[in-house]
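# Understanding the architecture of this molecule
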Amino acid sequence: MASPQTLLSDVFGFDAFRPGQEDVVEAVVEGHNVLAIMPTGGGKSLCFQIPALLREGVTLVVSPLIALMRDQVRGLQAAGVAAGALTSGHTQEETDSVFQALAAGQLKLLYLAPERLASTSMQAALKRYNIALIAVDEAHCVSQWGHDFRPDYLRIGELRRTLNVPVAAFTATADRDTQQEIIERLFAGSQPQVFLRGFDRPNIHLAFTAKDSPRRQILDFVAPRKGQSGIVYCGTRAKTQALSAALNEAGHRACYYHGGMEAEDRRIVEGRFANEDGLIVVATVAFGMGVDKPDIRWVAHADLPKSIESYYQEIGRAGRDGGPAETLTLYGPEDIRLRRAQIDEGLAPVERRAADHGRLNALLGLAEALICRRQTLLAYFDETTQPCGHCDLCDAPPDRFEATGDEGELVQVTGGALGTLTTGATGSFLMSGAGGLEWSTSTANTRTFKVTFEQDGSVEAFSQVPADLTVSRIGNELTVIHSFNTWPKSVTYFGFDNTNNQYKLRYPTGNYQVLLDGVNPTTTFKIQLISS
């Protein structure tokens, strides 16, 4: 029998395993139940393809990604591996050919779209063939609380019990709760061997910035990267088409992609992106999961993603070859309102909506971070690291004022440091910069702050106020009361910094809009801790 190393070289053309791959391959070959959490680009597919060639019988691969299945089957067949797929995108002739090969015992890997599991005839058919292993790609799709839930994934556990075979589940995106749900639903609560390779992608530069003419900001970001392959994610279908046109007008090669397009048109874009160098795809989230292009050099978000998991997965499509890659995420108050509304107006149960708000809060905490973004991102996945030196906050650390927070202490902040006021689109002023008051605390409690503007002017209420804040105004004074009844990992406007054990009061651009009539853009304001 050939060894995993021999197959890696002779069939797949690689000289050595990537970190973590060999241990996973060995466990799957030995027939153990496995949950492998590996970063995008970590080589998850090889971890079930090589065992499939070393084990008796057929390996069934369940994947939600028709385009990826098509590409992997094509690549395996080109390498001499007997592989086939059953998806809605195949013709009846192609489907008949796959069943014939199964009946003749000629297939080693069978890729199956999850919706096919809803058919009782398909489940009956699978019992007739020598299925020896179920490999589940994008296993986080089984989580009803996750960002990519696919109801048909819930049938995999039942299929596993019916066939009585081991399961190898793979994902790049699973926090602790999602990992537990995967175990419960795919492995019936029986603990599999868990391989956690970590979530860090050190070759990717992370950056966020507040929206200020977002089309111009995207064009400015893309301009010095002309000729590089990239993805721009947008929140609406209309915006993908408008921004794609703007990029083409600026001399780039760009096309758009969204779920409202005809299937054939989407396949054309997928094929172009896979085979053309320097193409930009401007897309909704309908594009990208399973994109197998190693040299994507950058990913930009023209609108805020819906959760921190979505953000992590989408930026992870850049730099899969290990080379340097860059990201830029734009965000503004309209994004936050839209994402909140999408959650609140959805049909999910109350508990699910609360979890979705928490995931959005975590992303907003990342957007408004005061310390290394990679530290903040990895902390969400329960990982710790030193400042990365490879994000916008490490490149240019924000100005910060730290106070002990003694009751009655007056903190004066002058424009240009924490309290710069810049002209907004409507002639109002927006507080910008990483302004804030930080204080150490060890218990949940309530604190009250007063923000006083030193110049005359009509100070209006905040344009957006989180549910746990009370804001009142008298003249030029704003009083802010925040009740710390819980210890959130991060919330929209107030966050808990695990590294320094501090709560933070922040005034990010756009999130708090203060209308000030006729004041100087560098006016002074004061922050005073009133009570604790």
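Residues numbered from 1 in each chain as written. Predicted model: local features only at pLDDT ≥ 70, side-chain atom pairs only at ≥ 80, totals over all residues. Heavy atoms only, no water.

### Points about the overall build of the chain
Per the secondary structure count, the chain includes 16 helices and 26 strands. When burial is assessed residue by residue, the chain has 53% of its 532 residues classed as buried. Pairs at least 24 residues apart make up 74% of the contacts formed inside the chain by residues separated by at least 6 positions. For the chain, the exposed area adds up to about 22300 Å²; of that, 48% sits on carbon and sulfur atoms. (Helix = DSSP H or I, 4+ residues; strand = E, 2+ residues; numbered from the N terminus. Buried < 20%, exposed > 50% of the residue type's maximum accessible area, 1.4 Å probe, protein only. Contact = heavy atoms within 4.5 Å. Areas by Shrake-Rupley, 256 points an atom, 1.4 Å probe, with all protein chains shown as cover.)

### Focus: the sheet that holds strand β4 (residues 109-112)
A sheet is described by the order of its strands in space; here 7 strands give the open sequence β3-β4-β2-β5-β6-β1-β7, paired in parallel fashion. Among the strands making up the open sheet, the edge pair consists of β3 (83-86) and β7 (193-196). Going across the sheet, the axis of each strand differs from the next one's by a mean of 15°, ignoring polarity. Bridge count between strand β5 (residues 131-136) and strand β6 (residues 167-171): 3 bridges; the pairing is parallel. Directly across from Ile134, in β6, lies its bridge partner Val167. Along the sheet face, helix α4 (residues 66-78) touches β3 and β4 and points at about 165° away from the line of β4. Helix-sheet contacts for helix α8 (residues 176-186) involve β1 (34-37), β5 and β6, and the interaxial angle to β1 is about 155°. (Pairing = 2+ DSSP bridges. Axes fitted to C-alpha atoms, helices over the stretch in contact; angles between N-to-C directions.)

### Some points on helix α14 (residues 350-367)
Given a rise of 1.5 Å per residue, 18 residues ought to cover 26 Å, and the 26 Å separating the end C-alpha atoms of α14 matches this to within 8%. Three or more residues of α14 are buried, namely Arg352, Asp356, His357, Arg359, Leu360, Asn361, Ala362, Leu363, Leu364, Gly365, Leu366 and Ala367. (Expected span 1.5 Å × (residues − 1).)

### Concerning the packing of aromatic side chains
Per the counting criterion, the structure on display carries 10 aromatic pairs. Centroid distance Phe199 to Phe381: 4.2 Å. Interplanar angle 15°. Geometry classified as stacked. In this pair, Phe199 is assigned in the loop between β7 and β8 (204-205) and Phe381 in the loop between α15 (373-380) and α16 (392-395), connecting sequence segments 182 residues apart. Of the two residues, Phe199 and Phe381, neither departs from the other in class, the shared state being buried. Between Tyr312 and Phe381, the ring centres sit 5.3 Å apart and the planes meet at 55°, which makes this aromatic pair tilted. (Phe/Tyr/Trp six-rings, centres within 6.5 Å; stacked < 30°, edge-to-face > 60°.)

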